[in-house]
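Reading the structure
The residues making up each chain are set out below.
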Amino acid sequence: IPGRFIAQFMIGPEASGWSTWQVIGIATALIVGVGAVFVVITERDASEDLAAAREAITKAQRAQREFESYLDLEVAVDQLIELYQAAGVMRGAIETVAAKGITNEVMIAGTILGASARSLSIAMDFGQSDRWTICIYVAEKDLDSERFVLRCIAHERAIKCDLSSARSWPEGTGLAGVCFSNRSEMILPNLQADGVRSIFASGASESRPDDAERYRSMVAVPVMVQGLDRPWGVVTATNDQIDHFSYEDSQGVKPDEGVRLLAGMVALGIAVSRANSQISGDALEKS
């Protein structure tokens, strides 16, 4: 077709030369021909390139998902390691207080938390910017009301404060108080949800302006010591990130596992202390 297009501008055998318009016509025909060839080539290459690009995008997306899964796995492994280390230092703390014959239960609970606080905060997946708390409460009977009140005896917090500033919770009020009364662990993914805050955020010795921002997700586990018909106390943890603690299944170590570990180790430490006291008392009677 380009040849025919060019031929119409050619002169016959009797002609002595080409006119200007013939030269322009021939040049135009050549340009059109080259353009047609270019279009054919680029259309073919574009389809191949498009297929290659789609395959590359698919591979990149797959690689990204695999990389994110790897990062999640890496975090889960770190949490598991820290949970294991926390268990080890808690056991060491119990062995120490037992060897020294320490019977002060408040001191025992504080020693266990103090020794394991760093590992626990990592095992619970607390971020550097999170506002979190880990608290141990002991149940003490109020002489006036004859009801138990949960008093904080040891705590670790992202925002440090004196232990005397920690609030107390009467039995049946607040997450710690309800956990104590029900003798079962409780998880609140979102304390600020409709109807939840009015039940679990009231009843403390005092409320503070930033409570709604600092306490959004919580967990409480009772400390069950053998021989008691009620919990010895309660261990709680809070975070300012909604759904940090949740009943939903998740990959890796769930943040609430650290709270269960701490509650169990505190119970063990108290039980060991009381057993030692009983043995010492029996020995004195016999002597």
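Analysis parameters
- Residues numbered from 1 in each chain as written.
- Predicted model: local features only at pLDDT ≥ 70, side-chain atom pairs only at ≥ 80, totals over all residues.
- Heavy atoms only, no water.
- Pairing = 2+ DSSP bridges.
- Helix = DSSP H or I, 4+ residues; strand = E, 2+ residues; numbered from the N terminus.
- Contact = heavy atoms within 4.5 Å.
- Axes fitted to C-alpha atoms, helices over the stretch in contact; angles between N-to-C directions.
- Core = buried A, V, L, I, M, F, W, Y, C linked by side-chain atoms within 4.5 Å.
- Buried < 20%, exposed > 50% of the residue type's maximum accessible area, 1.4 Å probe, protein only.
- Disulfide = S-S within 2.5 Å.

Considerations on the sheet that holds strand β4 (residues 186–188)
- Spatially, β3-β2-β1-β6-β5-β4 is the arrangement adopted by the six strands of the open sheet, whose pairing is antiparallel. Across the chains shown, the open sheet's two edge strands, defined by having one partner strand only, are β3 (169–170) and β4.
- The sheet contact formed by strand β5 (residues 217–223) and strand β6 (residues 233–239) spans seven bridges and is antiparallel. Residue pairing across strands places V221 opposite V235, the latter belonging to β6.
- In this fold helix α3 (residues 105–123) packs onto β1 (132–141) and β2 (148–157), with an angle of close to 40 degrees to the strand it touches most, β2.
- In this fold helix α4 (residues 174–182) packs onto β1, β2, β3, β4, β5 and β6, with an angle of close to 35 degrees to the strand it touches most, β5.

Looking at the nonpolar core
- Of all hydrophobic cores here, the largest spans 38 residues; its most connected members are I112, I136, W232, L262 and V266.
- Among the secondary structure elements, those contributing two or more residues to this core are α2 (20–99), α3, β1, β2, β5, β6 and α7 (256–286).
- Residue contributions to this core peak at eight residues, all from α7.
- Each residue touching I112, except ones within four places of it in the same chain, is listed here: M90, A93, I94, L262, M265, V266 and G269.
- Counting 21 residues, the second largest nonpolar core, distinct from the first, contains L150, C179, L188 and V234.

Some remarks on the environment of S168
- You can see S168 is positioned in the loop between β2 and β3.
- Overall, the relative accessible area of 23% leaves S168 in the partly exposed class.
- Between the C-alpha atoms of S168 and L150, which are 18 residues apart in sequence, the distance is 5.5 Å.

Remarks on α4
- Burial analysis of α4 places seven of its nine residues in the buried class, which makes it a mostly covered element.
- Every buried residue of α4 is listed here: G174, L175, A176, G177, V178, C179 and F180.
- Two residues or fewer after α4 comes R183, characterised by a positive phi angle close to 60 degrees.

Things to note about unusual backbone geometry
- One non-glycine residue, D125, lies in the positive phi region at around 60 degrees.
- For D125, the position within the fold is in the loop between α3 and β1.
- Residue class for D125 comes out partly exposed when judged on its relative accessible area of 39%.
- A positive phi angle is found at E146, which is not glycine, with a value near 65 degrees.

A closer look at the pairing of β5
- Of all seven residues in β5, seven are buried; the element is thus mostly enclosed.
- Residue alternation in β5 divides its side chains into two sets, S217, V219, V221 and V223 and M218, A220 and P222, and both sets are buried.

Comments concerning the state of the cysteines
- Under the defined criterion, the tally for this structure stands at zero disulfides.
- You can see C135 has no disulfide; the closest cysteine sulfur is in C152, sitting 4.3 Å from it.
- Summary of cysteine pairing: C161 is not part of a disulfide, and the nearest cysteine sulfur, belonging to C135, is at 8.0 Å.
- Relative accessible area serves as the criterion here: at 32%, C161 is assigned to the partly exposed category.

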